Amino acid sequence: MLLVICCVFSISISAQSYDEKYMEKVQSLDSTITNLYQVISGEKGQERDWELFKYLFHTDAKLIPTGKNKEGLYGARFMTLEDYIGKSGKWFLENGFFEKEIHRTVDTFGNITQVFSTYAAFKSETDEVPFMRGINSIQLLNDGERWWVINIYWTQESEDNPIPKEYLGEN
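Residues numbered from 1 in each chain as written. Predicted model: local features only at pLDDT ≥ 70, side-chain atom pairs only at ≥ 80, totals over all residues. Heavy atoms only, no water.

K.L.:
Break down the overall build of the chain for me, citing the residues and quoting the values.
P.N.:
Across its full length, the chain holds four helices and six strands. For the chain, the succession of helices and strands along the chain, N to C, is α-α-α-β-β-α-β-β-β-β. Long-range pairs, those at least 24 residues apart, make up 55% of the contacts in the chain with a sequence separation of at least 6. Of the roughly 10500 Å² that the chain leaves accessible, carbon and sulfur atoms contribute 55%. (Helix = DSSP H or I, 4+ residues; strand = E, 2+ residues; numbered from the N terminus. Contact = heavy atoms within 4.5 Å. Areas by Shrake-Rupley, 256 points an atom, 1.4 Å probe, with all protein chains shown as cover.)

So, in structure tokens, the structure goes:
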């Protein structure tokens, strides 16, 4: 019984320290999305703050990239936070990666929000031309105390799938 109490107490202390360290980063929709982009961005050789990355997301969140397979059909891959860190973390470190939001549309009903966030990706912050663009469909929950990223579902722009003007902020 003492072991169980110690484990619960240590988990509680750990959660409190994360809350103290990061709670301001999830107080508004804007701060949550801004931190989402910032936490994965960095120059070649720069470690990412994976602790903050995990804090932004709900425990059961999924990251869902989509694209065409070898047969030319669109599909989706469902990743946990750990899957994403394992797959992307090393690549970010070895190559540098900056994802910048260039336009946003927001729809909210009650405590749920859907954001279409158009992005441009660069290998260095000093790059002027992105090597990739696309749209992140970000689902969020406001539990009354903070914002949680529930899922990010995205696709890249391609020649046969250009980003529509309304998602670039152009009329």
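K.L.:
Got a sec to walk through the pairing of strand β1 (residues 57-68)? Specific residues and values, please.
P.N.:
Successive side chains on a regular strand alternate, one facing one side of the sheet and the next facing the other. Relative to strand β6 (residues 147-156), β1 runs parallel, the two being bridged by five bridges. Each residue of the ladder has a partner; that of Leu-63, found in β6, is Ile-152. Bridge count between β1 and strand β2 (residues 74-76): three bridges; the pairing is antiparallel. Bridging from a neighbouring strand, Thr-66 pairs with Ala-76 of β2. The antiparallel hairpin formed by β1 and β2 contains five residues in its connecting segment, where Gly-72 sits at a positive phi of about 85°. (Pairing = 2+ DSSP bridges.)

K.L.:
Describe the pattern of salt bridges, naming the residues involved and giving the relevant values.
P.N.:
Proximity of charged atoms lets side chains of opposite charge pair with each other. Counted by the stated rule, this structure contains seven salt bridges. For Glu-51, the salt bridge is made with Lys-21, and the minimal N-O distance between the two is 3.1 Å. One end of the pair, Glu-51, is in helix α3 (residues 50-56); the other, Lys-21, is in helix α1 (residues 2-22), with 30 residues separating them in the sequence. You can call Glu-51 partly exposed: its relative accessible area is 30%. Here Glu-157 makes a salt bridge to Arg-133, at a shortest N to O gap of 2.9 Å. Of the two residues, Glu-157 sits in the segment after β6 while Arg-133 sits in strand β5 (residues 132-142), which places them 24 residues apart along the sequence. For Glu-157, a relative accessible area of 25% puts it in the partly exposed group. (Salt bridge = Lys/Arg side-chain N within 4 Å of Asp/Glu carboxyl O. Buried < 20%, exposed > 50% of the residue type's maximum accessible area, 1.4 Å probe, protein only.)

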